[in-house]
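The chain contents come next:
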Amino acid sequence: MFPHYRLVGFCGLPGAAALGRLGTGDPVRRAAEAEKVAHSYAAGREPLPVLELLATVANSSAGPDGKYRSRTPAATIRRFHRVARDRKALLLLNIQPGRAAVLDEVKALRDWLVHPDVGVALDPEWEMRSGEVPGDTYGHTDGHELTKVARYLSGLVEKHDLPQKPLVFHQVATSVVGEQSALRPQPGVALIKSADGIGSPGLKRGTWRELVNDLPDGLHTGFKLFYEEDAEGSRLMTPKEVLALRPQPEYVMYE
């Protein structure tokens, strides 16, 4: 996948405009827009458009199973997978686990992950321990758990003879991912650490420097931008400014 491609796209969920641009309007139009934005980030690489669909969404209420999460219907995932395939884009299934086990949520998406154009994005700030409620505090993961997910995806890649599969984890603060040194790259899986966080260009650069400091070997970088929140009281960073970050982000995602 790298360094041939640069991944660029939108995230979201239909009917929930606050969760990102992908969830607004016609998915075909959003995919075409993502493709256009991706080309502005090429910089010598082949741009690969990405649709990052929220497949597991954290909730502030426990729900019938007490897991504080809901799963996106298969029909919705199928619809976006069809759009991604028609546009030669990549579909990333985003997981906000609530109190559910992360690996269980990944395994629940197996029927989609056996496709060559489907990967996983994790949002560990929404991964709650017992007694914690999404939205009240930041969640947490660690290098051991991320390695387990990567190992599972690696097994699917080997069993089904798939191309390298991306595994993204979004990180909004250093506290969200512990024991990063325990993260172990797995065959057939591209590990991408995506720097999250809202703010002005200066604040976002500061967050970037903090989060990419002492990256483990084999870990690629991503960068998240917010169309509305970043622009409140400031402005959105330009592609030129994002590409000036070091190391240069290999995945750029807009919410």
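Our subject in this report is the structure included herewith.

Thresholds, definitions, all that
Residues numbered from 1 in each chain as written. Predicted model: local features only at pLDDT ≥ 70, side-chain atom pairs only at ≥ 80, totals over all residues. Heavy atoms only, no water. Helix = DSSP H or I, 4+ residues; strand = E, 2+ residues; numbered from the N terminus. Buried < 20%, exposed > 50% of the residue type's maximum accessible area, 1.4 Å probe, protein only. Pairing = 2+ DSSP bridges. Right-handed = clockwise from strand over helix to strand, strands pointing away. Expected span 1.5 Å × (residues − 1). Arc of directions from axis to C-beta. Contact = heavy atoms within 4.5 Å. Salt bridge = Lys/Arg side-chain N within 4 Å of Asp/Glu carboxyl O. Core = buried A, V, L, I, M, F, W, Y, C linked by side-chain atoms within 4.5 Å.

### Description of unusual backbone geometry
Here's step 1: The step from F2 to P3 runs through a cis peptide bond, and the omega angle for that step is 5°.
Here's step 2: Along the chain, the position of P3 falls in the segment before β1 (5-12).
Here's step 3: The omega torsion of the bond from R246 to P247 falls at -5°, within 30 degrees of zero and hence cis.
Here's step 4: Inspection of the secondary structure puts P247 in the loop between α7 (239-243) and β11 (251-254).
Here's step 5: The phi torsion at A43 lies on the positive side, around 45°, for a residue other than glycine.
Here's step 6: For K88, which is not a glycine, the phi torsion comes out positive at approximately 55°.
Here's step 7: Its place among the elements puts K88 in the loop between α2 (74-86) and β4 (90-95).

### Thoughts on the pairing of strand β2 (residues 46-58)
Here's step 1: Counting buried residues in β2 gives twelve out of 13 residues, a clear majority hidden from the surface.
Here's step 2: Looking at chain direction, β1 and β2 are connected through eight bridges and run parallel. For C11, the partnering residue across the bridge sits in β2 and is E52.
Here's step 3: As for the winding sense of the linkage, the β-α-β connection from β1 through helix α1 (residues 27-39) to β2 is right-handed.
Here's step 4: Note that β2 and β4 share six bridges and pair parallel. Bridged to L53 within β4 is L93.
Here's step 5: In this structure, β2 lies alongside strand β3 (residues 69-71), joined through three bridges in antiparallel fashion. Note that in β3 the partner of T56 across the bridge is R71.

### Looking at the pairing of strand β5 (residues 118-122)
Two faces, one strand: in a regular strand the side chains alternate between the faces of the sheet.
Here's step 1: Among the five residues that make up β5, five are buried, leaving the element largely enclosed by the rest of the structure.
Here's step 2: Residues V118, V120 and L122 point to one face of β5 and G119 and A121 to the other, with burial holding for every one of them.
Here's step 3: Bridge analysis of β4 against β5 gives five bridges, and the strand direction is parallel. Looking at β5, one finds that N94 is bridged to A121.
Here's step 4: As defined by bridge partners, β5 adjoins strand β7 (residues 165-171) across three bridges and the pair is classed as parallel.

### Focus: α1
Here's step 1: Across its 13 residues, α1 extends 19 Å between first and last C-alpha, which sits within 8% of the 18 Å expected from 1.5 Å per residue.
Here's step 2: Those residues of α1 lying buried are P27, R30, A31, E33, A34, V37 and A38. Along the axis of α1, the buried positions cluster into a sector of 160°, meaning they face one direction only. Opposite the buried face of α1, by more than 90 degrees, sit the exposed residues R29, K36 and H39.
Here's step 3: Looking at the buried side of α1, the elements it contacts are β1, β2, α2 and β11.

### Thoughts on the pattern of salt bridges
Here's step 1: Taken as a whole and judged by the stated rule, the model has 14 salt bridges.
Here's step 2: With a closest N to O distance of 2.9 Å, E255 and K224 form a salt bridge. Within this pair, whereas E255 is found in the segment after β11, its partner K224 is found in strand β10 (residues 219-225), the two being separated by 31 residues in sequence. K224 matches E255 in its accessibility class, with the two residues each being buried.
Here's step 3: What you see here is one network of salt bridges that share partners, running through D65, R69, R71 and E105.

### What to know about the nonpolar core
Here's step 1: With 58 residues, the main nonpolar core has Y41, L91, L93, V106, L122, L153 and L167 as its most contacted residues.
Here's step 2: With six residues, helix α5 (residues 143-159) is the single largest residue contributor to this core.
Here's step 3: Apart from the residues lying within four places of it in its own chain, the contact partners of Y41 are R6, V8, L225, T238, P239, V242, L243, V252 and Y254.
Here's step 4: Core analysis: the next-biggest nonpolar cluster, separate from the first, contains 13 residues, L7, C11, L48 and V168 among them.

### Describing helix α6 (residues 201-212)
Here's step 1: With twelve residues, α6 should reach 16 Å at 1.5 Å per residue; the first-to-last C-alpha distance of 16 Å fits that figure.
Here's step 2: Regarding α6, the residues found buried are P201, K204, W208, L211 and V212. Around the axis of α6, the buried residues are gathered within 95° of arc, so they sit on the same side. Opposite the packed face of α6, turned more than 90 degrees from it, sit the exposed residues L203, R209 and E210.
Here's step 3: Against β7, β9 (189-195) and β10 lie the buried residues of α6.
Here's step 4: One or two positions beyond α6, positive phi appears at D214, with a value near 55°.

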